[in-house]
Amino acid sequence: MSKMEVKTSLLDNMIGVGDMVLLEPLAEESFLENLKKRFDHNEIYTYIGSVVISMNPYRSLPIYSPEKVEEYRNRNFYELSPHIFALADEAYRSLRDQDKDQCILITGESGAGKTEASKLVMSYVAAVCGKGAEVNQVKEQLLQSNPVLEAFGNAKTMRNDNSSRFGKYMDIEFDFKGDPLGGVISNYLLEKSRVVKQPRGERNFHIFYQLLSGAPDDMLKKLNLERDFSKYNYLSLDSATVNGVDDAANFRTVRNAMQIVGFMDDETQSVLEVVSAVLKLGNIEFKPESRVNGLDESRVKDKNELKEICELIGIEQAVLERAFSFRTVEAKQEKVSTTLNVAQAYYARDALAKNLYSRLFSWLVNRINESIKAQTKTRKKVMGVLDIYGFEIFEDNSFEQFIINYCNEKLQQIFIELTLREEQEEYIREGIEWTHIDYFNNAIICDLIENNTNGILAMLDEECLRPGTVSDETFLEKLNQICAGHEHFESRMSKNSKFLNDHTLPHNCFRIQHYAGKVLYRVEGFVDKNNDLLYRDLSQAMWKASHSLVKSLFPDGNPTKINLKRPPTAGFQFKASVATLMKNLLTKNPNYIRCIKPNDKKATHIFTDSLVCHQVRYLGLMENVRVRRAGYAFRQTYEPCLERYKMLCKQTWPHWRGPAREGVEVLLKDLQIPREEYSYGRSKIFIRNPRTLFHLEDQRKQRLQDLATLIQKIYRGWKCRTRFLLMKRSQVTVAAWYRRYAQQKKYQRIKSSAIVVQSYIRGWKSRKILRELKYQKRCTEAVTTIAAYWHGTQVRRDYRKFFRANAGKKIYEFTIQRIMQKYFLELKNKMPSMSPIDKTWPARPYLFLEATHTELRRIFHLWRCKKYRDQFTEQKKAIYDEKLEASEMFKDKKALYPSSVGQPFQGDYLEISKNPKYQKLSTLVEEKIILADIVNKINRANGKGAPRIFLLTKNSFLLADQKSGQIKSSVPLSDLTSASMSAQTDGFFAVRVKEGTPAAAKGDFLLSSDRLIEIVTKLYRTCLSSTKEKINIEISDEFLVQFKQDKVCVKFVQGSPKNGSVAACKRKNNRLLEVAVPSP
Ligand SMILES: Nc1ncnc2c1ncn2[C@@H]1O[C@H](COP(=O)(O)OP(=O)(O)OP(=O)(O)O)[C@@H](O)[C@H]1O
Ligand SMILES: [Mg+2]
């Protein structure tokens, strides 16, 4: 809780008083009045010191929400209005923080709300303790054990629709941090008689109804059950359904809870099988059968039902049937079998059903314990929650009520002992003198019941074990003898004559004055129920079952382990377990919840005074208050006390700096409270009378009002002032901002003006400086110019004489050099192309360069020709050689020549060697052919031409027939002297043969060919190379040709022959051949 949080107290907004200790005046009426008032205002919880009284509201109130849990979490017990959560929180924190084991003792009569209270405590603790997957699982298992146990152990009774028919004590175990680890459940005495018979208006245990209404069809079929309750004798039919209870839904809840707790599916199945078997046992009926020997016997009426049961739990039918018909008694190693009559058979059947069910219940508790037991062996902190059946007074009370009431008697005892002890201890702890308190101590009643020698239980055991005929009557007689003198025991037959005429006390009853009232017990059935016998035949039959759960429920049926000693009686067992419980509780710090039932009708808003008064009395609540108030009614530690009342005294308000105790002392002195009204303990202030406390409270209330006014006043003042200050501050802020803005504007105006003025001044100054600088520069320049001129004049004057003598030559040389340089550079740029026939040459720039220019042109041309020639191959060179020769011979001499310049000299035009036509000819000519062509041989008779093959070889020339290739003449070259031709464009030429040679006989040859130039050139060159002699080349328009013996003159004339451009030869006479050459 934060420091700023307002400290609250139980005393705030109280309806009546929240703590009965403060009741004023203390009387039963005011006590009831207070309870009623609070109950009417839905305040169902009221304290007596640290004890919580809880009234059953019979409706759900919105006071258990998670918000409420948070509200009560970690708050002091008296800080908030009374609540069961406050108690749970106190217990849990004391367990966690102070390591004190706790027990929560919940008492009250049936229907008062004990079971609900225990669940509320558990759920609160679950909500506030640690969290985490593992812890949550443990919590869930602990919480889910409740629905399982309630289904099997609770039933609808006249008083309560969900009445616990067993006592339950659960230890919840925590680790050092306060996280739950697990738990252990102990159960006490299940009311098993309910299995076979229920009083009117009550029901059997819930599970039977739940199973029949909630199980799915296939499950019922498997269990051989029918949904109809009326089919089963053990189920009471008049109240089979309970208002507001949905058995079917509860069945699903229970199965789900079983699963969460850790029951395997087959375990659940087995449990339901046993439940069905119990249910079906009730339907077995017997019929009498007389035997010859006069003994009564019984037989099972309808074997079908028996068969189904046997199938269900796996027993041979005959075995069970026998167990219902016979009883074997073993005495001194002898077995004696007696038959059972019908009544005995029914008794046996019911005993089996009861035993089966109660053993199943114990097995369930053990099984749950197995699941929820803590997994660690380390020391655990323990919180025990005891929810045990409440004190019961019925019209007809039997052994069960006796036992239950005995248990409540014991609980009351430890309540008294512990509260007193605690009170006493607190006084001692606080150093306050202890004054004796008068209260009723019920130890005397406990003694009456449990005394080992002459207690009622001891006598019942004695009676049960006694040989001889034993009956409930003999037991009552014995009681009458032994207990008659006891002040809490009443019996008609007792020696005490006091009751002889008490007609409210029947003869077969005894009455005990319990702490909670007088209860009349009928002795019928006491002995039997205490014995709690199950015929051995039956337990042996069960042990033989193949159903493993049933078998394990009857270990006493194992024939190898027959124990001839009688089993302990029910009373004995219960006494022992109660003693263990008491011992256990005494080691723990107790917390009490005392439940009260407001009416008998399970109705809301009804407060039956007499009923509540009765409970208040027997719960000893008044005594409780008295004990608590003995000496001092109210106590509180100093700190919260000072905190609550410090406003009542100037010295302590608003802060007390010093120990709280001194503060309280100052406070009380200041308030002038009489000294005997209070006492200072070590840590607490004790106030004797509630009046004093209420006086303090009243004053506090008044003072609080004053304080509230004061606070209001100050707050209002503060608020106004704050507002004023805020407005003032705002005004200042606004003004400041405005001023700032105005100043800013003004400043900016001044600033811009200043800048303008400044710029003008600067401009003016700069211009002035610029003018000065310009003037200076002009002065400098003028001076420099003047000086330069002056210096020039001086120098020229000094050097004039030297200059005149040499300048002309130098200038001339320089100029010439310059011109040449320019000339060469220009020439270089204007060079003509490299083609030798290119005739272009740049123009000459100056006349005096004429010779140089021409020379350069020549050199350039030669160089260019050389370059051109250098590219020639040998072959090409030879061709040009030949052409050159031709040129030397014929250029400007014969008009035919120019037309030959462009024609290449091919030589072999006929390709003699390749042409098959001339094959013969080529075989005749062995030497290489230099020239082969068709020429016309001019007939000397008529001047007409006939075609002949002209062949020139290295050594001779030949003429052959063009068609046949036959050689007509062959002349060695050495026999030739000259060749003649005209200067015209014709192709006629004569080849002269040396006189006196064999060829000379035939005479000279007159031939004609267009290729004259080539033929003559080649002829000339071949002759020269083979004979080293030159033949003569004659060019003349008239020459003589030797034909055999005649010399004929060949004359060339210009004319236009008939056949166009071709020259024509004609024999004019014996001595003349005329060739007409077309004029060009
Ligand atoms: N705090 C509560 N708020 C609302 N209803 C309550 C409260 N306490 C008890 N009841 C109602 O009273 C009924 C009986 O309560 P519960 O079963 O706790 O009684 P009991 O004291 O355990 O009785 P028994 O001794 O027969 O077991 C509950 O079923 C519930 O309806
Ligand atoms: Mg209960």
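Above this text sits the structure in question.
Report on the accompanying structure.

Definitions and cut-offs
Residues numbered from 1 in each chain as written. Chains lettered and ligands numbered in written order. Predicted model: local features only at pLDDT ≥ 70, side-chain atom pairs only at ≥ 80, totals over all residues. Heavy atoms only, no water. Helix = DSSP H or I, 4+ residues; strand = E, 2+ residues; numbered from the N terminus. Rg over C-alpha atoms; globule rule 2.2 N^0.38 Å. Buried < 20%, exposed > 50% of the residue type's maximum accessible area, 1.4 Å probe, protein only. Contact = heavy atoms within 4.5 Å. Areas by Shrake-Rupley, 256 points an atom, 1.4 Å probe, with all protein chains shown as cover. Lys, Arg positive; Asp, Glu negative; His and termini not counted. Charge placed at Lys NZ, Arg CZ, Asp CG, Glu CD. Donors = N, O, S within 2.8 Å, 3.2 Å for Na, K, Ca; no water. Near = heavy atom within 4 Å. Polar contact = N/O pair within 3.5 Å; in protein donor to acceptor, adjacent residues only side chain to side chain. Core = buried A, V, L, I, M, F, W, Y, C linked by side-chain atoms within 4.5 Å. Pairing = 2+ DSSP bridges. Axes fitted to C-alpha atoms, helices over the stretch in contact; angles between N-to-C directions. Parallel < 35°, antiparallel > 145°, perpendicular 65-115°, else oblique. Left-handed = near helix turned anticlockwise from the far one by under 90°. Nonpolar A, V, L, I, M, F, W, Y, C, P; charged D, E, K, R; others polar. Expected span 1.5 Å × (residues − 1). Patch = residues over 30% accessible without salt bridge, like charges linked within 9 Å, V, L, I, M, F, W, Y side chains within 5 Å. Salt bridge = Lys/Arg side-chain N within 4 Å of Asp/Glu carboxyl O.

### Observations regarding the overall build of the chain
The helix and strand tally for the chain stands at 30 helices and 31 strands. A globule of 1080 residues ought to have a C-alpha radius of gyration of about 31 Å, yet the chain, at 78 Å, is considerably larger. With the principal axes as the frame, the chain shows a C-alpha extent of 225 × 120 × 45 Å. Relative to its full complement of 1080 residues, the chain shows a buried share of 47%. Once local pairs closer than 6 in sequence are excluded, the contacts in the chain between residues at least 24 apart make up 64%. With the model as given, the accessible surface of the chain reaches about 57,500 Å², and the carbon-plus-sulfur share is 53%. Each charge class in the chain can be summarised by its mean position, and for the 169 positive and 131 negative side chains these summaries are 19 Å apart.

### Some points on the coordination of the magnesium ion (ligand 2)
Ideal values for angles at a metal depend on the geometry: 109.5 degrees with four tetrahedral donors, 90 or 180 degrees with six octahedral donors. Bound to the magnesium ion (ligand 2) are the protein donor atoms Thr115 (OG1) and Ser164 (OG), situated 1.9 to 2.0 Å from the metal. Here Ser164 lies in strand S5 (residues 163-164) and Thr115 lies in helix H4 (residues 114-128), a separation of 49 residues in the sequence. Judged by relative accessible area, Ser164 falls into the buried class, the value being 10%.

### Let's talk about the site of ligand 1
Around ligand 1, the structure places 18 residues, and the nearest of them are Ser110, Lys114, Thr115, Ser163 and Ser164. In this structure, Asn162 approaches ligand 1 through a main-chain N or O atom, which is 3.3 Å from an oxygen atom. Its free accessible area being 620 Å², ligand 1 has 87% of it covered by the protein chains. Counting only elements with at least two residues in the shell around ligand 1, the list comes to H4 and S5.

### Re the nonpolar core
Counting 210 residues, the largest nonpolar core has Phe31, Phe152 and Phe510 as its most contacted members. Counting 32 residues, the second largest nonpolar core, distinct from the first, contains Phe950, Val971, Ala999 and Ile1013.

### What about the sheet that holds strand S18 (residues 678-680)?
Spatial ordering of the open sheet is given by S17-S19-S18, a layout of three strands whose pairing is antiparallel. Strands at the two margins of the open sheet, each flanked by one partner only, are strand S17 (634-637) and S18. Across the sheet, the mean angle separating the axes of adjacent strands is 15° when strand polarity is ignored. Here S18 pairs with strand S19 (residues 684-687) via three bridges, running antiparallel. From the neighbouring strand, Tyr680 faces S19, where its bridge partner is Ile685.

### Overview of the packing of helix H23 (residues 638-645) against helix H24 (residues 660-671)
H24 packs onto H23 with a crossing angle of 45° between their chain directions and a minimal axis gap of 8 Å. One finds that H23 runs oblique with respect to H24. Where H23 crosses over H24, the handedness of that crossing is left-handed. Residues Tyr638, Glu639, Cys641, Leu642 and Tyr645 of H23 form the contact with H24, whose participating residues are Ala660, Arg661, Gly663, Val664 and Leu667. Residues belonging to the contact of H23 with H24 are distributed by class as follows: seven nonpolar, one polar and two charged.

### Examining the packing of helix H10 (residues 303-313) against helix H11 (residues 317-325)
Between H10 and H11, the shortest axis-to-axis distance is 9 Å and the interhelical angle comes to 120°. Here H11 runs oblique to H10, going by the angle between their axes. For H10 against H11, the interelement crossing comes out right-handed. Residues Lys303, Leu306, Lys307, Ile309 and Cys310 of H10 touch H11, and the partners they reach there are Gln317, Leu320, Glu321 and Phe324.

### Observations concerning the pairing of strand S12 (residues 381-387)
For S12, a buried count of seven out of seven residues is recorded, marking the element as mostly surrounded by other parts of the structure. Taking every second residue as pointing to the same face, both faces of S12 are buried, with Lys381, Met383, Val385 and Asp387 on one and Val382, Gly384 and Leu386 on the other. Two strands pair when backbone bridges link them, and strand S6 (residues 167-174) and S12 are joined in this way by seven bridges, in the antiparallel orientation. In the sheet register, Tyr169 faces S12, and the bridge partner there is Leu386.

### A short note on helix H3 (residues 84-98)
With 15 residues, H3 ought to run about 21 Å at 1.5 Å a step, and its terminal C-alpha atoms sit 21 Å apart, in line with that. Across the 15 residues that make up H3, a large majority, eleven, are buried. What H3 keeps buried is the set Ile84, Phe85, Ala86, Leu87, Ala88, Asp89, Ala91, Tyr92, Arg93, Ser94 and Leu95. Positive phi shows up at Asp99, right after H3, with a value of about 60°.

### Digging into a positive patch on the surface
On the surface, a cluster of positive charge is contributed by Arg762, Lys765, Arg767, Lys768 and Arg771. With relative accessibility at 39%, the residue Lys768 sits in the partly exposed group.

### Overview of the pattern of salt bridges
On inspection of all chains with the given rule, the structure shows 62 salt bridges. Arg194 serves as the salt-bridge partner of Glu191, at 2.6 Å between the closest nitrogen and oxygen. We note that Glu191, like Arg194, is buried. Here Lys303 ties to Glu321 by a salt bridge, and the two come within 3.2 Å at their closest N and O atoms. One end of the pair, Lys303, is in helix H10; the other, Glu321, is in helix H11, and 18 residues separate them in sequence. For Lys303, a relative accessible area of 38% gives the class partly exposed.

### Details of helix H12 (residues 342-372)
In this model, H12 (31 residues) spans 45 Å end to end at C-alpha, consistent with the 45 Å of a helix rising 1.5 Å per residue. Counting buried residues in H12 gives 22 out of 31 residues, a clear majority hidden from the surface. Measuring from the backbone nitrogen of Ala343 back to the side-chain oxygen at the start of H12 gives 3.2 Å, which picks out Asn341 as the cap.

### A closer look at the sheet that holds strand S13 (residues 489-491)
Here we have three strands laid out as an open sheet, ordered S13-S14-S15, and antiparallel in their pairing. At either end of the open sheet lies a strand with only one pairing partner, and these are S13 and strand S15 (517-522). Recorded for the sheet is a direction-independent mean angle of 25° between the axes of neighbouring strands. Across the sheet, helix H14 (residues 443-450) is in contact with S13 and strand S14 (509-514); its angle to S14 comes to roughly 150°.

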